[in-house]
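# Summary of the model geometry
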Amino acid sequence: MSCECGKTCAPVDSPENACTSEDKAKCGCGPSKADTPPITGKNFTATRNACKLCAPLGACLAFRGIEGCLPFLHGSQGCATYIRRYMISHFREPMDIASSNFGEESVVFGGRGNLNEGLKHVIEGYKPEVIGIATTCLAETIGDDVGMYVKDFIKGNKDTISMPHLLHVSTPSYAGSHADGYQWAVRAIVDQLAVDGPNEKFIGIFPGMVSPADLRHLRDILSDFGMPFSIVPDYSDPLDGPVWGEYHKIPAGGTPVSEISKLGRASAVIELASTISEKQSAATLLDERFSTAAFRVGLPIGIRQSDAFFKVLEQITGESIPDHHESERGRLIDAYVDGHKYTFGKKVVIYGEEDYVVGLTAFCAEIGLKPVLCASGGKSGRLKSCIQDAAPELDPETEILEGIDFAEIEEAVTHLKPDLLIGNSKGFSLSRKTGTPLIRVGFPIHDRVSGSRTLHLGYKGAQRLFDTIVDKLMELKQDSNDIGYTYI
Amino acid sequence: MSDKTINLLEKRKRQIHEGGEFVMEAEKQSLAGSVSQRSCSFCGSRVVLYPIADALHVVHGPIGCASYTWDIRGSLSSGPELHRLSFSTDMQEKDVIYGGEGKLYNALVELIEEYNPNAAFIYTTCIIGVIGDDVQAVCKKVQNEKGIPVIAVDSEGFKGSKKEGYKAACDALFKIVGTDDATETIPKSINILGDFNIAGEIWVIKDYYERMGVEVVCSVSGDGRVEDIRKAGRAQLNIVQCSGSVSNLAKMLETEYGTPMMRASYFGIEDMSKALYDVADFFNDDEMYEAAARVIQEEVTKLVPRLAPYRKDLKGKKAAVYTGGAFKVFSLVRSLKTIGMDVVIAGSQTGSVEDYKMLMELCDPGTVILDDTNPLELAKYVKEKDVDLFIGGVKERPIAFKLGIGFCDHNHERKECLAGFIGMLNFAAEVHSSVMSPVWQFAPRRANR
Ligand code: SF4
Ligand code: SF4
């Protein structure tokens, strides 16, 4: 039977003749999207088991990656304590966050008094080089102008207090998630520290909300290219450091302010991101203000995206990819070949921060897995187009959904019956309920010890992800078989 | 490089006792900027109400407050598990500007239809009071339409510390009490208040009381059910555990229903035994007293020989204890003594001056007593006192681990049953597995000596 769109309707004789969703929409022979209930079930006003966190968390994470910096939340105490607890459970490291500790009078009269008092105490108690101030929803709602307060604080106290750098960022959680908060903070850090000057030969990297292991690996890659570099921010040491003999008020490590202030003079900056807006982009800011050469590549997860990253590095440095990365790439392809049969056509559901979802989807698509749902609690409006760019072979029918919560993902998983879930540990309850194994990546990982050490980026990260996924699929195959094969 | 010497903030000195004359202050608002281990009233309300397993718990506010409290505690339920889901109105910019009442209303109606709860608790978070949502009115409307209690919990974080949140939660609970039809008191009955059924602890305690012939009418809020809370006014005695997070409810029950209250702790052999004998004493019932004695004898006979090997290894090891409420510290100090350990640092987030005085009397001279402390102070003292073990909540864990010190979680997030006689054994095993681990030999503070 032939159809208006010029192809053959079912039964389909060959894959080329099968209708795509666009064909079906053209001739109207397939069920239209409007008739089918959404895969995520009934629409709820409430968010049920959120697949996102709040903006100040992302900002605190970014501030933790500046040397000598203490994150400070302007607002009430609870937010700071909850965020600390949440991050500690993932990184398993101290994560002090000060708070200006609003009371009823701060809400009535504004939080300036609390901010001033809080800053003084933090300076006295911690002697930080930098204080990174982010706002909670409450401070935003009552309209505190932290920028002005900070200016006045410096003016009023600079003669009596040895003043740290005071950075501030506005992070209302009703306007964005933790991923947004992270980007806002990175941009604010650059905005408030970078100054003009003669060009210098070095590369600035904005790595995105990646793991300490990723940051270390980026450091290795950049060192191997031989050009000086600066990763902003770099929380690998503060959030994955050695055991101590003495207690450090502020853990060692992080990007020094002196390096950040030079960013406008860098040979080039690279921003590892795909879904963020121009307004969130620190690279765009440098480009606009100092005409810094700014590159943007998605998180280098998998071969294609890592290739893109290495290519940019080659372009900037004029060096070709260092041998041992080239051979790492070769070994990775060899592993892809060895494992391809186990991955092919296996259905996966991927969720998390949008940039992670883009990177992971491209990776899954290139090893033959079949993403059936790519979901994020974030709402950039760009998730779909970024995924389609990064993974052109992806079935256009693949569900790509923003602003989702775990209750909706669960509903979708019940329908889609994927073989694996790939995402943070908050998917565990639905993994258990639906009997779908979970591959833990990203943030947070609250139920394993290895959160900080989870490597995603570069050929090495792809190798680790690939091994983890294939081993899991082989284990499932082996376990679900009665014979008990010892070779699989 | 950050400065390594840790000096106490001038204003904090009065909340610390290092020996000598006792002149402590407590129950003060945390200093701005001092990285308090405290949280907010919302947190307090969440702690108390969270384990009610057949109620809907909806956080009205921006997303974070709900995300961070999703399934965070090991409060078990023998039936429904609604409490393990996280619901939030996830306020967006336009809701903040135009108000969130409509959103709250829709959210509630849909959730109640979907999940069929027996009650709904609506927690207000910080910005709700500021934007002026009339949450009470929305709740009333939904309650009328849906025929279940829909209760606003006045828990805006900035209004105070956990304690105020406890009180708001008790006010909410009290609205449910007495809403069943029956009124007659139930003979030989108690309510267990202030236990959250972490790792099934309330089942252990309930079993002891039942073996004594006591009926447990309602538990607040571990394995809690709305139906039981309705009956709470009909019990003859309220047993309030530890920190007193639910003591406001007990006070209200005393005033309204004339039910007397009694404090108890279920941690450690002495305190657990006392909790049972006290109830028998209250009912002035010889048979019950004998039954209690039998329970205790049976349990302790089983327990003591099993504790001996732990005690042998742990003798003379030093511990620091820091908890939310002060009452628990007493039990922990006694329990640690039972397994041969010395407490050299003790403190809490919310204790009163009287609590600390008692604590000082219970501990050996020279023990450091801390009120509402912070990481820097904790680090200073654990190092000075060279402790082998730190007992606290998850926020204290990295401080201990970073310095290479054993740690035990004795907070709501733990997954081990530590209450009752069996809990004492688990506690000893847990402490033992931390203190005796060979990994500490590599910690710089030991390796350098
Ligand atoms: S302080 Fe307020 S906003 Fe923060 S967690 Fe508590 S209730 Fe939520
Ligand atoms: S009030 Fe805002 S900043 Fe505070 S925890 Fe809630 S969402 Fe986060």
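Residues numbered from 1 in each chain as written. Chains lettered and ligands numbered in written order. Predicted model: local features only at pLDDT ≥ 70, side-chain atom pairs only at ≥ 80, totals over all residues. Heavy atoms only, no water.

### A short note on the overall build of chain A
Let me state the cut-off plainly: Strands here mean DSSP runs of E at least two residues long; helices mean DSSP runs of H or I at least four residues long; both are numbered from the N terminus. For a compact globule the rule gives 2.2 Å times the number of residues to the power 0.38, and the radius of gyration it is set against comes from C-alpha atoms. Exposure is judged per residue with a 1.4 Å probe applied to protein chains only, and the accessible area is read against the type maximum: over 50% gives exposed, under 20% gives buried, and values in between give partly exposed. The contact criterion used is simple: two residues touch if any of their non-hydrogen atoms lie within 4.5 Å. Working definition of accessibility: Shrake-Rupley area with a 1.4 Å probe, residue cover restricted to the visible protein chains. None of His or the chain ends enter the tally, which takes Lys and Arg as positive and Asp and Glu as negative. A charged residue contributes its charge at one atom only: NZ of Lys, CZ of Arg, CG of Asp or CD of Glu.
The number of helices and strands found in chain A is 18 helices and 14 strands. In terms of overall dimensions, chain A is globule-like: its C-alpha atoms have a radius of gyration of 24 Å, near the 23 Å expected for 488 residues. In terms of principal-axis extent, the alpha carbons of chain A reach across some 85 × 55 × 50 Å. Across the 488 residues of chain A, 61% fall into the buried class. By sequence separation, contacts in chain A at least 24 residues apart represent 73% of the contacts at least 6 residues apart. Accessible surface, chain A: about 18,900 Å² in total, of which carbon and sulfur atoms supply 51%. Once the 49 positive and 64 negative side-chain charges of chain A are each reduced to a mean point, those two points are 3 Å apart.

### Considering the site of ligand 1
The following threshold applies: Throughout, the term near means that a residue has one or more heavy atoms lying within 4 Å of the molecule or strand in question. Think of it as three bins: nonpolar holds Ala, Val, Leu, Ile, Met, Phe, Trp, Tyr, Cys and Pro, charged holds Asp, Glu, Lys and Arg, and polar takes everything else, Gly as well.
Around ligand 1, the surrounding shell consists of A:Ser76, A:Gly78, A:Cys79, A:Tyr82, B:Cys40, B:Phe42, B:Cys65, B:Thr125, B:Cys126 and B:Gly157. With respect to ligand 1, its neighbouring residues span chains A and B. When residues in the shell around ligand 1 are grouped by element, the largest group, three residues, is from helix 3 (residues 77–91) of chain A. Here the residues of the shell around ligand 1 are counted per class, giving six nonpolar, four polar and no charged.

### Side note on unusual backbone geometry
Looking along the chain, the bond that leaves A:Val232 and enters A:Pro233 is cis, with omega of -10 degrees. Tracing the backbone through its elements, the reader meets A:Pro233 in the loop between strand 7 (229–231) and helix 10 (257–261). Of note in the backbone geometry, A:Lys127 takes a positive phi value of approximately 45 degrees without being a glycine. Residue classification places A:Lys127 among the partly exposed positions, given a relative accessible area of 43%. Positive phi outside glycine occurs at B:Asp71, with the angle close to 50 degrees. With respect to the helices, strands and loops of the structure, B:Asp71 is situated in the loop between helix 2 (63–67) and strand 3 (87–88).

### Comments concerning the pattern of salt bridges
What counts, and what does not: By salt bridge we mean one thing: a side-chain nitrogen of Lys or Arg within 4 Å of a carboxyl oxygen of Asp or Glu.
Taken as a whole and judged by the stated rule, the model has 42 salt bridges over all chains. Note that B:Glu81 is salt-bridged to B:Arg84, the shortest N-O span being 3.5 Å. The partly exposed category is assigned to B:Glu81, whose relative accessible area is 41%. Among the residues examined, B:Arg84 registers a relative accessible area of 34% and is labelled partly exposed. Across the pair B:Lys380 and B:Glu384 runs a salt bridge whose closest N-O atoms are separated by 3.1 Å. Highlighted residues: B:Lys380 and B:Glu384, both in helix 15 (residues 375–384), separated by four residues, approximately one helical turn. Judged by its relative accessible area of 18%, B:Lys380 falls in the buried class. Ionic contacts of the salt-bridge type, sharing partners, join the residues A:Arg216, A:Arg219, A:Asp234, A:Asp237, A:Asp240 and A:Arg453 into one network.

### Digging into the site of ligand 2
Around ligand 2 sit A:Cys54, A:Pro56, A:Cys79, A:Thr136, A:Cys137, A:Ser173, B:Pro62, B:Gly64, B:Cys65 and B:Tyr68, and those are all the residues in its vicinity. This site is not confined to one chain, since residues near ligand 2 come from chains A and B. Grouping the amino acids of the shell around ligand 2 by side-chain chemistry returns seven nonpolar, three polar and no charged.

### Details of the confidence of the model for chain B
Filter applied, for reference: Values of pLDDT, which run from 0 to 100, indicate the predictor's confidence residue by residue.
Mean pLDDT over chain B stands at 90; residues scoring 70 or higher make up 93%. On the interface metric, ipTM, the complex scores 0.90, and its pTM is 0.91.

### As for the pairing of strand 11 (residues 342–348) of chain B
All names here are of chain B. Counted only if it meets this: A crossover counts as right-handed when, viewed with the strands pointing away from the observer, the path leading from the first strand over the helix to the second turns clockwise. Note on pairing: DSSP must find at least two bridges between two strands before they are called paired.
Burial analysis of strand 11 places six of its seven residues in the buried class, the great majority of the element. Viewed along the sheet, the connection from strand 10 (residues 318–323) through helix 13 (residues 326–338) into strand 11 turns out right-handed. In the sheet, strand 11 pairs with strand 12 (residues 368–371) via four bridges, with the strands oriented parallel. Residue pairing in the sheet places Ser-348 in a bridge with Asp-371 of strand 12. In this region the chain leaves strand 11, passes through helix 14 (residues 353–362) and returns to the parallel neighbour strand 12; the handedness of that crossover is right-handed.

### Points about the packing of helix 5 (residues 112–126) of chain A against helix 7 (residues 146–157) of chain A
Residues and elements named next belong to chain A. The condition is simple: For helices, the fitted line uses only the C-alpha atoms of the stretch in contact; every axis is such a line through C-alpha atoms, and the angle between N-to-C directions lies from 0 to 180 degrees. Orientation is classified from the angle alone, with under 35 degrees giving roughly parallel, over 145 giving roughly antiparallel, 65 to 115 giving roughly perpendicular, and any other angle giving oblique. Handedness of a helix crossing follows the sense of rotation of the near helix relative to the far helix, less than a right angle counterclockwise being left-handed and clockwise being right-handed.
Between helix 5 and helix 7, the least distance of the axes is 10 Å, while the angle of their chain directions is 55 degrees. Classified by the interaxial angle, the pair formed by helix 5 and helix 7 is oblique. Both helix 5 and helix 7 take part in a crossing whose hand is right-handed. From helix 5, Arg-112, Leu-115, Asn-116, Leu-119, Lys-120 and Ile-123 reach across to helix 7, where they touch Val-146, Met-148, Tyr-149, Val-150, Asp-152, Phe-153 and Asn-157. Across the contact of helix 5 with helix 7, the residue classes tally to eight nonpolar, two polar and three charged.

### Remarks on the sheet that holds strand 9 (residues 294–297) of chain A
Residues and elements named next belong to chain A. Here we have four strands laid out as an open sheet, ordered 7-6-8-9, and parallel in their pairing. Each edge of the open sheet is held by one strand with a lone partner, namely strand 7 and strand 9. Each strand axis lies, on average, 20 degrees off the axis of its neighbour in the sheet, ignoring direction. The sheet contact formed by strand 6 (residues 203–206) and strand 7 spans three bridges and is parallel. By the bridge assignment for strand 7, Ile-205 is matched with Ile-231.

### Overview of the state of the cysteines
Residue and element names in this part refer to chain B. As a reminder, the rule being used: Two cysteine sulfur atoms make up a disulfide if the distance between them is within 2.5 Å.
Per the stated rule, a full pass over the model turns up zero disulfides over all chains. The thiol of Cys-218 is not disulfide-bonded; the next cysteine sulfur, from Cys-170, is found 12 Å away. Since its relative accessible area comes to 1%, Cys-218 is described here as buried.

### Comments concerning the interface of chain A and chain B
How we decide: Values labelled buried area give the accessible surface lost by two parts on being combined, using a 1.4 Å probe and summing over both. Any pair of N or O atoms that falls within 3.5 Å is considered a polar contact. Within protein, one atom must be able to donate a hydrogen and the other to accept it, and sequence-neighbouring residues count only if both atoms are side-chain atoms.
Taken together, the contact pairs 70 residues of chain A with 67 residues of chain B. When chain A packs against chain B, close to 6,200 Å² is buried across both sides, 62% of that on carbon and sulfur atoms. Interface area lost by chain A to chain B is led by A:Tyr82, A:Tyr174 and A:Tyr247, which between them contribute 14%. Counting across the chain A and chain B interface gives three salt bridges. One salt bridge connects B:Glu114 with A:Lys42, and the closest N-O pair in it is separated by 3.1 Å. On the surface where chain A and chain B come into contact, there are 17 residue pairs in polar contact (both at pLDDT 80 or more). Broken down by secondary-structure element, the contributors of at least two residues to the side of chain A that touches chain B are strand 1 (47–48), helix 3, strand 3 (98–99), helix 4 (104–109), helix 5 and helix 6 (137–141) of chain A. Looking at the side of chain A that touches chain B, the element that brings in the most residues is helix 3 of chain A, giving 10 residues. When the residues that make up the side of chain A that touches chain B are grouped by side-chain class, the tally is 30 nonpolar, 23 polar and 17 charged.

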